[in-house]
Protein chains: 2
Amino acid sequence: MKVTNGETAQLGTIEKVVNHFSDNRPTKDCPVTDVLCRISDKWTMHAIISLGKAEKLRFTELKKKIEGISQRMLTVTLRTLEEDGFVTRTIYPQIPPRVEYALTPLGRSLVAQIMSLSNWASENMEEVFKARERFKLN
Amino acid sequence: MKVTNGETAQLGTIEKVVNHFSDNRPTKDCPVTDVLCRISDKWTMHAIISLGKAEKLRFTELKKKIEGISQRMLTVTLRTLEEDGFVTRTIYPQIPPRVEYALTPLGRSLVAQIMSLSNWASENMEEVFKARERFKLN
DNA sequence: CAGCATCCATGACGATACTG
DNA sequence: CAGTATCGTCATGGATGCTG
């Protein structure tokens, strides 16, 4: 890992990130980017948050909580979360069907991370919005 | 803010996130989601990280560091970062042109957040990959 | 109820060519 | 050098209809 000029490690802990981003290669070859990309689509965060506050939810309950999501996208989102080990999908074989979704321990630890990011965003959004205003005035 | 059932605040601090996600509305009306969406596209993280370790970079230097990015996307990405107040763009009126990009204080505080997420990802990616393997075997 | 299958619109992104 | 402009492609996601 090298920098263009001489200053290599002035930023301390930032280096840790840089290492995991393995010199800025796009998604493949970089597991960190891989994971981040999985949770940064249009609905995943909302699904995780909803499950985080409810412990356990049925498909239709989730659909109600995540305002605006289509049935298709809820299914897709939940399957991806299940695939990555963030949620469990429990099917009760009865008619009509009953399927319950819940966070895994891994999913819960992810919620904590999202919380942190979310708090940062809420603390700094004012400044971001001001910056956008300034930018509009060229 | 209301929950479907009776259990409202069992999760403590998670509520803080939930509040900022304002009952799970998509992007508009939710500043947190708004900000998160801005940094979670294909290239933004890479640009921020690169600037985070270099203090100051020219356009072409950035292009070299962010492997695979096109000229167009680098421009678009940097404009958005500038618009949101995460980077500064300094033009030196000379021929050939010289433009330098650097993180603002706001941008630096964002790097710290990305670091945290990145560290979480690197610590847990093993488990995610294992989960994917299990999922493949149905 | 909890999906799956299909079609379609939109926008993100890449490739290429041109310029002050 | 640091862009802008244009075009083509592809993935994301919405709408709709069908089903065990």
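Anyway, here's the lowdown on the structure attached to this text. Because the structure is predicted, anything quoted here is derived from the model rather than measured.

All names here are of chain A. A cis amide bond links Ile95 to the next residue, Pro96, at an omega of 0°. On the secondary structure map, Pro96 appears in the loop between strand E2 (87-92) and strand E3 (98-103). In this model, Glu55 sits at a positive phi of 70°, which is unusual for a non-glycine residue. Relative to the helices and strands, Glu55 is located in the loop between helix H3 (44-54) and strand E1 (57-58).

Moving on, we get to the protein's contact with DNA strand D. Of all residues adjacent to DNA strand D, which total 20 residues, the nearest are Lys42 and Arg72 of chain A together with Thr60, Arg89 and Tyr101 of chain B. Within 4 Å of the protein, atoms of DNA strand D come from sugar and phosphate in 57% of cases. With respect to DNA strand D, the side chain of Trp43 of chain A contributes an N or O atom lying 3.4 Å from a phosphate oxygen. For DNA strand D, a base nitrogen lies 2.6 Å from a polar atom in the side chain of Gln71 of chain B. For the surface near DNA strand D, the elements supplying multiple residues, two or more each, are helix H5 (71-83) of chain A together with helix H4 (59-65), helix H5 (71-83) and strand E3 (98-103) of chain B. For the surface near DNA strand D, the leading source of residues is H5 of chain B, giving 4 residues.

Looking at DNA strand C, there are 21 residues lining it, with Thr60, Arg79, Arg89 and Tyr101 of chain A together with Arg72 of chain B nearest. When atoms of DNA strand C within 4 Å of the protein are sorted by moiety, sugar and phosphate together comprise 60%. With respect to DNA strand C, the side chain of Tyr101 of chain A contributes an N or O atom lying 2.5 Å from a phosphate oxygen. Examining the composition of the surface near DNA strand C, we find that 4 residues originate from one element, H5 of chain A, more than from any other. Split into classes, the residues belonging to the surface near DNA strand C amount to 8 nonpolar, 5 polar and 8 charged.

Residue and element names in this part refer to chain A. Strand order in the open sheet made by the 3 strands is E1-E3-E2, with antiparallel pairing throughout. Pairing within the sheet leaves two strands with one partner each, and these edge strands are E1 and E2. Summarising the sheet, E2 and E3 pair through 6 bridges and their orientation is antiparallel. Bridging across to E3, Tyr92 finds its partner in Arg98. With respect to the sheet, H3 is in contact with E1, E2 and E3, its orientation differing from that of E3 by roughly 90°. With respect to the sheet, H5 is in contact with E2 and E3, its orientation differing from that of E2 by roughly 115°.

Procedures and definitions
- Residues numbered from 1 in each chain as written.
- Chains lettered and ligands numbered in written order.
- Predicted model: local features only at pLDDT ≥ 70, side-chain atom pairs only at ≥ 80, totals over all residues.
- Heavy atoms only, no water.
- Helix = DSSP H or I, 4+ residues; strand = E, 2+ residues; numbered from the N terminus.
- Near = heavy atom within 4 Å.
- Polar contact = N/O pair within 3.5 Å; in protein donor to acceptor, adjacent residues only side chain to side chain.
- Nonpolar A, V, L, I, M, F, W, Y, C, P; charged D, E, K, R; others polar.
- Pairing = 2+ DSSP bridges.
- Contact = heavy atoms within 4.5 Å.
- Axes fitted to C-alpha atoms, helices over the stretch in contact; angles between N-to-C directions.

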